[in-house]
Structure formats: structure tokens, C-alpha cells
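# Working through the structure, step by step
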Amino acid sequence: MTADNAHSPSEDGSTRRDFLYLTAAAFGAVGAGSVAWPFINQMNPAADTLAMSTTEVDLGPIEVGQSITVMWRGKPVFIRHRTPEEIAEAEAVDVSSLRDKETDKQRAEKPAWLVTVGVCTHLGCVPLGQKTGDAKGEYGGWFCPCHGSHYDTSGRIRKGPAPKNLAVPPYTFTTDTTIKIG
Amino acid sequence: MASGPRQKFDNPVIEWVDSRLPIFTLMNKEYGVFPTPRNFNYFWNFGAIAMVMLVTMIVTGITLAMHYNTSTAGAFDSVERIMRDVNSGWLIRYLHMNGASFFFIAVYIHIFRGMYYGSYKKPRELLWMLGVLIFLLMMATAFMGYVLPWGQMSFWGATVITNLFSAIPLVGDSIVTFLWGGFSVDNPTLTRFFALHYLLPFVIVGVVFLHVWALHVTGSNNPLGIDVKGPQDTLPFHPYYTMKDMFGILVFLIVYVAFVFFMPNALGHPDNYIPANPMVTPAHIVPEWYFLPFYAILRAITFDIGIPFTDIVFIEAKLGGVLAMFGSIAMLFILPFLDTHPIRSATFRPWYRIALFGFVVVFLILGVCGSKPAEGFWVPLSQLCTLLYFAFFVVAIPFFNKKEPVAELPPSIHQAVLTSQPVAAE
Ligand code: HEM
Ligand code: FES
């Protein structure tokens, strides 16, 4: 019996040789995977790219009704000093009618200041609406010319192919008139 | 490869090499005496033409890379320097830029040839699928190449196309960050695109090798779509088809260099001569012409797919567009298994022939739609054409499998050629 142990089947028909094959394959797979991982993970953002990811903005000079665009992580961020009408409009919307249901309160920490990432959630174009002469779309916020998405004065998607509202980046008020994005 | 007795070469040097590594025997077998159907028409030139274009792209690409600067700060200027200061740089760049277009022209005609004459059918299914794989790799290569000059269209094309992956549920955003190596298309993205743009053409060379290998196992199809029955149906590849291919290649190259010398920017977009600006999107983003039909399919899905009159959505419009676009190429991939009609050549399949011409027209209209802004009348037109595109594969072809009459075929290639039946006329 001892001599032929490797080949003699146990009760369920498997042999020791089968076990060795499986363990060898499993070790091989884990080994190959752990070697492959660094070569895959190198594609993710590097430490210095991550380190550059905060931006400070002085809100002082921005008049009511004015918008500015700043760079954060290589993307435009829209900061709009909203007028009372714009705020009222954004707050009056029936949330259940929205594609991406968010109240204006959830999106703007201080109602006067709306901070959003200026990247259309469809395929990443920069929507129009920051400059005075720009088309602002049917809801008075922003309009993305690439495939026609309309955003309201809270940066929420109202019409067109984009699935989500303009993202609100993480930001904190460091003083009453400065914010740190990121 | 070394099986069987080897014929000796007269030249002693060739004989010395060949007896140790029978590479000359191999070349002679595959490209010298290789038996080839005697009734090829000019559609059969485009494989060889595509091969010439692939070599052209590699030679011009490597020479461009000697002067190209892979950084967002330097890329645009280095391409302008190639155009103005590098010796013959303008020529090499225009050859590369227009070469991509002409490579796609050759491959589109080559694919049409395969569809018209049923070259994808048994026993050439794998040969065809390797071809579709080459087409996919070419699209990836050309897409990344177009990013390299770092103009406005480079940047925004890259942004829109990489953002497609964000449509994937749950992991979409992480995948996009992974592709970018950051939080937007930026320096890390450009660098990796260059690395891959350099690599992929050589992967294509590898797949082309498999493609030709598979071809030489089954032998070529021909305009009649009937099997070769014996030596009277074939000619040795050399000199008959080496000459005919050479002629076709020269005619094709004349058109190509006419573009290079006289209208080098006709196929490109002027906005790509504006340096990339992440803060300003061009009014109208269009990809290179050879992507337009697929871009139109992508944009045609403007509606969510779910249960009507409820909020329940299974597939968001954005994901739907991406699925439709990749699906349109998947259709080509599985074509050999969709079409089970016993006759290959459309010459003997009047129904399929009409449908195929309709398909080509639909594909061209989609190309026009892709170049227009996604507004007004262009949206329903792209939707209709997208529907027809898929209907060709999943409605028309299965219908023909069942209903299209099986015509009587000529008994053999040489009889068809010698009795010059109208169908055999080239
Ligand atoms: C399948 C073969 C290839 C295709 C389809 C292709 C396609 C393209 C395209 C469309 C461009 C943009 C041209 C422009 O608008 O300026 C480009 C640029 C470039 N390609 Fe390729 N390419 C191929 C092979 C290669 C190879 C093998 C190299 C070698 C490194 C290379 C190096 C470059 C460089 C350095 C540029 C940037 C300079 C420029 O924009 O002219 N390419 N390629
Ligand atoms: S990217 Fe804005 S609508 Fe498509």
C-alpha cells in the first residue's frame, strides 16, 4: 500500500497526486498574481500626484452673481457666488422630480457659495455658463455643448444625457472668505 | 517546419544558411510556389496593402519618436519642431499622420471584401476573428497616437473616450483614475499612452503573423467563394500575385502620397493645432474620420433602458451607448457564427448582397452623423441607422440562413474562368 499511495484513490476518487497538482497550481497563481500587482498598480496615481490635490481659494473678490474657475487636481472647479434668486430657484425644485436626487442644502454648505467640479458627468467636457455671455442652459446654471446636458443653479442635471449632478468636491471654509478644496 | 526532404539551393551561401535554418525554404513555400486561386480580383490586393501600411507606420513612427518629447509641457512644441526644424520632419510626420488614415482605408476595404465574398465562413472563422482583433488593436493604437501631439482634439478626445469607462457600474470611476494615473488626462496619461502607442504596433505585427499563418493553413478564398479543387484552379503566388500586389500597392501609394504632399491636413481637424487646454472644451469634439460611425453609435443611445413609466433603470444612457459601441464590433467578431448559409460569395446570394450594400450605406450615414453635433435631426437618424446596423446581423442574416435560396455553383474555378460565365468575369 505504501508504495502506491500517490496513485491509489481515496474514498471520493481523488489521489494525493491531485492534491499536489492543485497546491502547485494555487501557489503558482498566487505567486504570479503578487508579481503582477506592482506592474498593474503603478498605473494608479503616484504619491506626488496625490500630494498636489488641495487648492486654496480666496472668495473675497468674487461679487454676487459672479463665477470663477480654479484648477484642482488638473480639473476646473466652478465657484459661483449665487444671487438670492438663483438660491431661491435651486431650493424651490421638487427633489423627487430630479434624476440625481439631491437638495440644494446637501450641495451648498453656505447657500451663497456653490462649489462644483466643472466637468460634465456625461463624458467629461467643461460645461459653459461661467462667463457672462455663455449659454447657461434652460435652467440657468450650466450647459454642456458636447452632447447637450443642462444643469440648474445648484449644478444638478435637469436635461440631457449626463447621469449625475456636477460633483461637489470636498472643501472646507478655513476663514469666512477662503476655502480649501481637497 | 523542417519536415520532409529539403530541396537544395544553387547559391552556396543560401544553401549553407538554409540547411541550418530553412528560412528560404519557408519563404519559397509560403510566398513563392504557394498555390493561390487563379481568379482573384483587385479586392485581394488590400491585405498586402495593409501590410505595407503597417510597415510604413512603424518606420515613420520610430523616426518620429527620435524627436518627440513625451510631456504635457513639451509634446506640442516638439511636434511643431518636427514640422519646422527637424530635417524632413514635416515629411515623416505627414506620412505618419496620413498613413494612419490610409491604413484604415485599406483595412475597411479588406473587411468589406471578406464580408462580400464570405471569407469569414468555415473554415476561415478564426482567420476572420484574428482580423477583427487586429482592427481593434489598430483602433487602440490610433486613438493613443492621436493624443500624442497634445492639441485640443488630442486632449478632449482622450477625455471623452477614457470617460466612457466611467459608465461601468461600481468600479467605473476607479478604472478611469487608473487609466489616467491621476484625476484628469494629464502628464501620466500622456506618458503611458506613448509607451503603449510604441508597443501596440508590434503586437499587431504578432497578430498579423497569426492571421497569415491561419490563411496559409486554409488557403485563400476567391471571388466565386468555391473551394480550390486541384492545381488547375491555382497559380503559384510568385510571380503572378507578387506582380499584381505590387501594382495595386503602387496605385494605392500614389493616392496616399498625393494626400501627403498636396493636402496633408485634409483628413485632420484644425483644432489639433491649438495646444491642449484643460479649461476650455472645443465647441464640437470630433474623433478622427475612421472612428466616426462608431462614435455615432455611441451617441445614439440617449435614453435610459428600464421599465417604462417607473424610475427603475437597468442601463443608463451612458452605459447603453458604450455597450452599443463595443457591441457593434462584437457583431463583426461573431459574424462567422451568425451566418450559417452554405454559400460564401455574395455573387450567388442576391438577397444577402442587397442587404450588404444597405449595410454599407447605413455605415456611411453613421459616419456622417458622427461628424455632426448631436442635435436635432441627426439624433433620430443615428438611432435609426444604429438599429439597422444591428438588424443586419441579428435579423437579416438569420433570416437569410433560413430563407435565401441556395443557388447552383460553378463546378470549379478553372471551368468558371475558362467558360467565362458572366459571374466569373472579373
Ligand atoms: C499601427 C500603427 C500606427 C498607427 C495606426 C499610428 C497612428 C498615429 C496617429 C493617428 C498619430 C497622430 C498624428 C497626428 O495627428 O499628429 C500618431 C502620432 C505619433 N506616433 Fe503613431 N501610429 C502607429 C505606429 C507608431 C509607431 C510604431 C511609433 C513608434 C514609436 C509611433 C510613434 C508616434 C509618435 C512619436 C507620434 C507623435 C508625433 C505626431 O503627432 O506626429 N507610431 N500615430
Ligand atoms: S460631455 Fe457633457 S453632455 Fe456629453
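None of these values were measured; they are calculated from a predicted model.

### Thoughts on the overall build of chain B
Counting its secondary structure elements, chain B contains 15 helices and four strands. On C-alpha atoms alone, chain B measures out to a radius of gyration of 24 Å, which is about the 22 Å that the 2.2 N^0.38 rule sets for 426 residues. Each principal axis of the C-alpha distribution contributes one length, and for chain B these read about 65 × 60 × 40 Å. Counting every position in chain B, which comprises 426 residues, the buried fraction comes to 49%. A sequence separation of at least 24 residues applies to 79% of the contacts in chain B between residues at least 6 apart.

### Remarks on the packing of aromatic side chains
Residue and element names in this part refer to chain B. Evaluated as defined, the whole model comprises 51 aromatic pairs over all chains. Ring geometry for tyrosine 108 against tryptophan 289: centres 6.4 Å apart, planes inclined by 45°, an arrangement best described as tilted. Taken together, the positions of tyrosine 108 in helix α5 (residues 89-116) and tryptophan 289 in the loop between α10 (237-262) and α11 (292-300) put the pair 181 residues apart, joining distant regions of the chain. Overall, the relative accessible area of 18% leaves tyrosine 108 in the buried class. Judged by its relative accessible area of 27%, tryptophan 289 is partly exposed.

### What to know about the sheet that holds strand β8 (residues 171-175) of chain A
Residues and elements named next belong to chain A. Reading across the sheet, the three strands line up as β1-β9-β8 and stay open at both edges, with antiparallel pairing between neighbours. Of all strands in the sheet, those with a lone pairing partner are β1 (55-58) and β8, marking the two edges. Strand-to-strand twist across the sheet, computed as the mean angle between neighbouring axes with direction ignored, equals 25°. Across four bridges, β1 lies against strand β9 (residues 178-181) in antiparallel orientation. Its bridge partner lying in β9, aspartate 58 is registered against threonine 178.

### Section: the site of ligand 1
All names here are of chain B. Taken together, 24 residues lie around ligand 1, and Gly61, Arg93, His96, His197 and Tyr198 are the ones closest in. The side chain of histidine 96 places a nitrogen or oxygen atom 2.8 Å from a nitrogen atom of ligand 1. Contact between ligand 1 and histidine 197: a nitrogen atom at 2.7 Å from a side-chain N or O atom of the residue. When atom positions are compared with the pocket grids, ligand 1 is found to occupy the largest cavity. Contributions of two or more residues to the shell around ligand 1 are made by α3 (46-65), α5, α6 (125-147) and α9 (187-218). Ranked by the residues each element gives to the shell around ligand 1, the list is headed by α3, at six residues. Grouping the constituent residues of the shell around ligand 1 by class yields 18 nonpolar, five polar and one charged.

### A closer look at the state of the cysteines
Applying the stated criterion to the full structure yields one disulfide over all chains. Residue pairing for A:Cys125: its cysteine sulfur links by disulfide to A:Cys146, the two sulfurs lying 2.1 Å apart. Between A:Cys125 and A:Cys146 the disulfide shows an S-S torsion of about -100°. By sign, it is left-handed. With a gap of 21 residues between them, A:Cys125 in the loop between β4 (113-117) and β5 (140-144) and A:Cys146 in the loop between β5 and β6 (149-152) connect regions that are remote in the sequence. Not engaged in a disulfide, the cysteine B:Cys369 finds its nearest cysteine sulfur in B:Cys385; these two sulfurs lie 5.4 Å apart.

### Re the pattern of salt bridges
Summed over the entire model, instances satisfying the criterion amount to 17 salt bridges over all chains. Here the salt bridges do not stand alone but share partners, grouping B:Arg6, B:Lys8, B:Glu15 and B:Asp18 into one network.

What counts, and at which threshold
- Residues numbered from 1 in each chain as written.
- Chains lettered and ligands numbered in written order.
- Predicted model: local features only at pLDDT ≥ 70, side-chain atom pairs only at ≥ 80, totals over all residues.
- Heavy atoms only, no water.
- Helix = DSSP H or I, 4+ residues; strand = E, 2+ residues; numbered from the N terminus.
- Rg over C-alpha atoms; globule rule 2.2 N^0.38 Å.
- Buried < 20%, exposed > 50% of the residue type's maximum accessible area, 1.4 Å probe, protein only.
- Contact = heavy atoms within 4.5 Å.
- Phe/Tyr/Trp six-rings, centres within 6.5 Å; stacked < 30°, edge-to-face > 60°.
- Pairing = 2+ DSSP bridges.
- Axes fitted to C-alpha atoms, helices over the stretch in contact; angles between N-to-C directions.
- Near = heavy atom within 4 Å.
- Polar contact = N/O pair within 3.5 Å; in protein donor to acceptor, adjacent residues only side chain to side chain.
- 1 Å grid on protein atoms, 1.4 Å probe; cavity = no way out; pocket = protein on both sides within 12 Å on 5 of 7 lines; lining within 4 Å.
- Sits in = over half its atoms within 2 Å of the grid points.
- Nonpolar A, V, L, I, M, F, W, Y, C, P; charged D, E, K, R; others polar.
- Disulfide = S-S within 2.5 Å.
- Salt bridge = Lys/Arg side-chain N within 4 Å of Asp/Glu carboxyl O.

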